[in-house]
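Residue strings, one per chain:
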Amino acid sequence: MAKKQYAIIGMGRFGSSVATALTDMGFDVLAIDSNEQRIQEISNIVTHAVSANSTDEDALRALGIRNFEVVVVAIGQDIQSSILTTLILKDLGIPTLIVKAQNELHGKVLQKIGADKVIFPERDMGLRVAHHLTSPNILDYIELSDDYSIVEMKVSDVMIGKNLKELDVRARFGCNVMAIKTGAKMNISPNANQPLDKEDVLVILGQKDDLIKLELAFS
Ligand code: ADP
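Residues numbered from 1 in each chain as written. Predicted model: local features only at pLDDT ≥ 70, side-chain atom pairs only at ≥ 80, totals over all residues.

As annotated in an unreviewed UniProt entry, the chain is Potassium uptake system protein from Paenibacillus crassostreae.

Here's what the structure looks like:
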């Protein structure tokens, strides 16, 4: 099977980090930026690095952008360029178009014009850090929708030795323990009678407000 090819537009902090990570994972990456210096900096890392203005449809066509299965638009500050670029790529029929949004309104526009996935890296990282700060047992926090999230929670002192039946998070908080991770092992159908160990990590799905109540109750 041919290797998936990715094009990343905008080599700011976020775009260059995505481009570098994909290259490290062995994928072919085309990096595009209108800023010559940024292109020079990334050119030693990615497969191809080209200086071009992504609001110029002809320039994008000339780069063969239509052959790319996934295109990431990582232009943050210049919202107009981000929107125009997304529109052009959508018209060109890119199968998977992922776009970074600077704020909620920008995100809404991107969704309306057909971005397949809109990402908010700063907001999402801010949320994760805030949850980790307020409850050090929270290892990760993933927002699934406006209402629902998943948290990864280290078993806290008050939970050690208790089992899921005793903690009763479904009745008390309306949340579901989907899995228990112990080291590298992931148990996706946890036994409700098994006492929790201090090394265990619970993967819990629930409404955001309920998860906050659960985090506070168990920290
Ligand atoms: P970050 O916050 O991730 O650092 P920035 O918004 O600062 O993101 O960086 C975006 C990058 O996108 C910059 O390197 C900028 O030169 C590039 N860029 C902005 N507009 C265009 C465009 N029309 N075509 C190509 N690259 C662009």
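Novice: Pulling in residues and values, what's your account of unusual backbone geometry?
Specialist: You will see that Asp-168, though not glycine, has its phi angle at about 50°, which is positive. Summarising the element assignment, Asp-168 is placed in the loop between helix H7 (164-167) and helix H8 (169-173). (Helix = DSSP H or I, 4+ residues; strand = E, 2+ residues; numbered from the N terminus.)

Novice: Please provide a residue-by-residue account of the environment of Leu-202, values included.
Specialist: With respect to the element layout, Leu-202 can be found in strand E11 (residues 200-207). Given 26 C-beta atoms within 10 Å, Leu-202 falls into the buried group. When neighbours within four sequence positions are excluded, Leu-202 is seen to be in contact with Met-153, Val-155, Val-177 and Ile-180. (Buried ≥ 20, exposed ≤ 12 C-beta atoms within 10 Å, placed from the backbone. Contact = placed C-beta atoms within 7 Å.)

Novice: Quick rundown of the sheet that holds strand E8 (residues 148-154)? Include the residues and the values.
Specialist: For sheets, the rule is that strands pair by backbone hydrogen bonds, running either parallel or antiparallel. An order of E7-E8-E11-E9-E10 is seen for the five strands of this open sheet, with the pairing classed as antiparallel. Strand pairing shows two members of the sheet lacking a second neighbour, strand E7 (138-143) and strand E10 (185-187), which therefore form its edges. Geometrically, the sheet is characterised by an average inter-axis angle of 20° between neighbouring strands, direction not taken into account. Where strand E9 (residues 176-182) lies against E10, three bridges are found, and the strand directions are antiparallel. (Pairing = 2+ DSSP bridges. Axes fitted to C-alpha atoms, helices over the stretch in contact; angles between N-to-C directions.)

Novice: Explain the environment of Ala-101 to me, using residue names and the numbers behind them.
Specialist: Topologically, Ala-101 is positioned in the loop between strand E5 (96-100) and helix H5 (104-112). A tally of 23 C-beta atoms within 10 Å means that Ala-101 is categorised as buried. Counting along the chain gives 46 residues from Ala-101 to Asp-147, while the straight-line C-alpha distance between them is 19 Å. Non-local contacts of Ala-101, meaning those with residues more than four positions away in its chain, are made with His-106, Gly-107, Leu-110, Val-118, Ile-119 and Phe-120.

Novice: Break down the pairing of E7 for me, citing the residues and quoting the values.
Specialist: As defined by bridge partners, E7 adjoins E8 across five bridges and the pair is classed as antiparallel. Pairing of Asp-140 across the sheet is with Glu-152, part of E8. Here E7 hands over to E8 after four residues, the two strands then running antiparallel side by side.

Novice: Break down the confidence of the model for the chain for me, with residues and values.
Specialist: Averaged over the chain, the pLDDT score is 94; the fraction of residues at 70 or greater is 99%. If you check the scores for this complex, the pTM reads 0.79 and the ipTM reads 0.94. (pLDDT = per-residue confidence, 0-100.)

Novice: Go over the site of the ligand with me, naming the residues and quoting the values.
Specialist: Residues in close proximity to the ligand total 21 residues, the closest being Gly-10, Gly-12, Phe-14, Ser-54 and Gly-76. Contributions of two or more residues to the shell around the ligand are made by helix H1 (13-24) and strand E2 (28-33). Broken down by element, the shell around the ligand gets its largest block of residues, three residues, from H1. Considering only residue class, the shell around the ligand consists of six nonpolar, eleven polar and four charged. (Near = placed C-beta within 6 Å. Nonpolar A, V, L, I, M, F, W, Y, C, P; charged D, E, K, R; others polar.)

Novice: Before we move on, could you go through the sheet that holds E2 and cite the residues and values that matter?
Specialist: An order of E3-E2-E1-E4-E5-E6 is seen for the six strands of this open sheet, with the pairing classed as parallel. In this open sheet, the two strands that pair with only one neighbour each are strand E3 (48-51) and strand E6 (117-119). Strand-to-strand twist across the sheet, computed as the mean angle between neighbouring axes with direction ignored, equals 15°. Two elements, strand E1 (residues 5-9) and strand E4 (residues 70-73), share four bridges in a ladder whose sense is parallel. Residue pairing for E4: Ile-9 is matched across the bridge by Val-73. Packed onto the sheet, helix H4 (residues 79-91) meets E1, E4 and E5 and runs at close to 175° relative to E5.

Novice: Explain the pairing of E2 to me, using residue names and the numbers behind them.
Specialist: In terms of burial, E2 is largely enclosed, as five of its six residues are buried. As for the winding sense of the linkage, the β-α-β connection from E1 through H1 to E2 is right-handed. With four bridges joining them, E2 and E3 adopt parallel strand pairing. Its bridge partner lying in E3, Leu-30 is registered against His-48. In the classification by handedness, the crossover that spans E2, the intervening helix H2 (residues 36-43) and the parallel E3 is right-handed. (Right-handed = clockwise from strand over helix to strand, strands pointing away.)

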